[in-house]
Amino acid sequence: MSIDRVILFVGPPGSGKGTLSQKCVQELDWDKISTGDLCRQHIENQTEIGKSIDFAIKSGKLVSDGIVSQMVFEWFRDNENDSRVVILDGYPRTVSQAKTLDNLAETLGDSAEIIIAKFVIDDQAIVDRLENRYICKNKECQRVYSLKASSVLAPKKDMTCDNCDTELIKRKDDNSDAILERLKVYHLHENDLLSHCQKAGYEIREFESNLPIDQLFVKFKENMGE
Ligand code: AMP
């Protein structure tokens, strides 16, 4: 494996982590692991893990540290790839996960730089975004839309993806109760997580993410020297 950089995407739900990482994969040929996607895959495939985490995901709570850390380790074990840069989208989310990541960093060696990209956006903007968010059902696409009146992210055809013509769906945890819970959980862990990462020597770069995705992508690329 010849990874130069691992970029940890840390930010509240709805801060654009998923959409930005998807753009990096498509346009920069980077690789990404989304622990949220891996969890949803387990649920869809009705695996034992999927059955055990279904309730936590629906209600906006965290899945156990052991389960998600295992997923990340298995990904690195099974994906012997040559991507220069790998994004971890939504991992680590707790200090315990960050400690596990420190071990992974050791196995990657000194040549792999670890950077935290921290995304900042206020809670009201998040609630607004997530309540109106719909996603293309096609796993290969997963383009994100907003059904908010006059949004630039509105689909051209009602409830249909502009890109692949597939039906749009709502995530089970994009409802008011789960959104508030996810925000609460994020804020509960944010400071401890970031101070652990700082002590571990990982550089933290901050991005204002209340921007259209194309603008955020430009700023992000510039900042990362791409
Ligand atoms: P996301 O797609 O990143 O918004 O994650 C959706 C849900 O998956 C979260 O609300 C958690 O229930 C679960 N999840 C994803 N990543 C993690 C993680 N690193 N630790 C614990 N739970 C996670």
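Along every chain, residues carry numbers that run from 1 in the direction the sequence is written. The predicted origin of the model limits local features to residues at a pLDDT of at least 70 and limits the giving and counting of side-chain atom pairs to 80 or more, whereas totals for whole chains, interfaces and linings rest on all residues. To get the side-chain values, take all heavy atoms of the structure and skip hydrogens and water.

Note on definitions: salt bridges are taken to be side-chain nitrogens of Lys or Arg within 4 Å of carboxyl oxygens of Asp or Glu. Taken as a whole and assessed by the stated rule, the structure comprises 22 salt bridges. A salt bridge links Glu-226 to Arg-84, with the nearest nitrogen and oxygen atoms 3.6 Å apart. Here Glu-226 is found in the segment after α8 (213–223), whereas its partner Arg-84 is found in the loop between α4 (65–78) and β3 (85–89), with 142 residues between them in sequence. We classify Glu-226 as partly exposed; its relative accessible area is 40%. Burial classes: relative accessible area under 20% of the type maximum marks a residue as buried, over 50% as exposed, and values in between as partly exposed (1.4 Å probe, protein chains only). Owing to a relative accessible area of 38%, Arg-84 belongs among the partly exposed residues under this scheme. Here the residues in one salt-bridge network are Arg-133, Arg-171, Asp-173, Asp-174 and Arg-182, joined through shared partners. Per the convention used, a helix needs a DSSP run of H or I reaching at least four residues, while a strand needs a run of E reaching at least two, with both numbered from the N terminus.

A separate point is the sheet that holds strand β6 (residues 144–146). The strand order across the open sheet formed by three strands is β6-β5-β7, and the pairing between neighbours is antiparallel. Here the strands that pair on one side only, and so sit at the sheet edges, are β6 and β7 (168–169). As defined by bridge partners, strand β5 (residues 133–136) adjoins β6 across three bridges and the pair is classed as antiparallel. Paired with Tyr-134 across the bridge in β6 is Tyr-145. If DSSP finds at least two bridges between two strands, the strands pair.

To qualify as a nonpolar core, a set must consist of buried Ala, Val, Leu, Ile, Met, Phe, Trp, Tyr and Cys residues joined through side-chain atoms within 4.5 Å. In this structure, Phe-76 and Leu-88 are the most contacted members of the largest nonpolar core, which totals 32 residues. Listed by contribution, the elements that provide at least two residues to this core are β1 (5–10), α2 (35–44), α3 (48–58), α4, β3, α5 (95–108), β4 (113–120) and α7 (176–199).

Quick look at the state of the cysteines now. Our working definition of a disulfide is a cysteine sulfur pair at a distance within 2.5 Å. Per the stated rule, a full pass over the model turns up zero disulfides. Free of any disulfide, Cys-24 has its nearest cysteine sulfur in Cys-141, 17 Å distant. The structure places no disulfide on Cys-164, whose sulfur is separated from the nearest cysteine sulfur, that of Cys-136, by 3.4 Å.

Next up on the list: α4. Residue pairs spaced three or four apart in an α-helix point in one direction, given the helix's 3.6 residues per turn. A rise of 1.5 Å per residue sets the reference length of α4, with its 14 residues, at 20 Å; its end C-alpha atoms lie 20 Å apart and thus fit the reference within 8%. Working rule for contacts: check all heavy atoms of both residues, and any pair within 4.5 Å makes them a contact. In this fold, the buried residues of α4 make contact with β2 (31–34), α2, α3, β3 and α5. Every helix has an expected span of 1.5 Å times one less than the residues it contains.

A word on the site of the ligand. In the region of the ligand, 14 residues are neighbours, and Thr-35, Lys-61, Gly-90, Arg-93 and Gln-97 sit closest. Each polar contact in these results corresponds to two N or O atoms within 3.5 Å; when the atoms are within protein, one needs to be able to donate a hydrogen and the other to accept it, and residues that are neighboring in sequence are counted only if both atoms are side-chain atoms. In this structure, a nitrogen atom belonging to the ligand sits 2.8 Å away from a side-chain N or O atom of Thr-35. One of the backbone N or O atoms of Gly-90 is found 2.9 Å from a nitrogen atom in the ligand. Accessible surface area values rest on a Shrake-Rupley calculation with a 1.4 Å probe, where residue burial reflects the displayed protein chains alone. Expressed as a share of its isolated accessible area of 480 Å², the protein-covered part of the ligand is 96%. Ranked by residue count, the leading element in the shell around the ligand is α2, at three residues. Residues of the shell around the ligand, tallied by class, amount to five nonpolar, four polar and five charged. A cutoff of 4 Å decides nearness: a residue is near a molecule or strand if any of its heavy atoms lies inside that distance of it. Gly is put with the polar residues, along with every residue not named as nonpolar or charged; the nonpolar set is Ala, Val, Leu, Ile, Met, Phe, Trp, Tyr, Cys and Pro, and the charged set is Asp, Glu, Lys and Arg.

What follows concerns unusual backbone geometry. With omega at 0°, the peptide bond leading from Tyr-91 into Pro-92 counts as cis. Relative to the elements of secondary structure, Pro-92 occurs in the loop between β3 and α5. Phi is positive for Gln-46, which is not a glycine, with a value near 50°. Note on placement: Gln-46 falls in the loop between α2 and α3. Classification of Gln-46 as exposed rests on a relative accessible area of 59%. In the Ramachandran plot, Gln-142 falls in the positive-phi region, its phi being about 55° despite a non-glycine side chain. One can find Gln-142 in the loop between β5 and β6. When its relative accessible area of 22% is taken as the criterion, Gln-142 is described as partly exposed.

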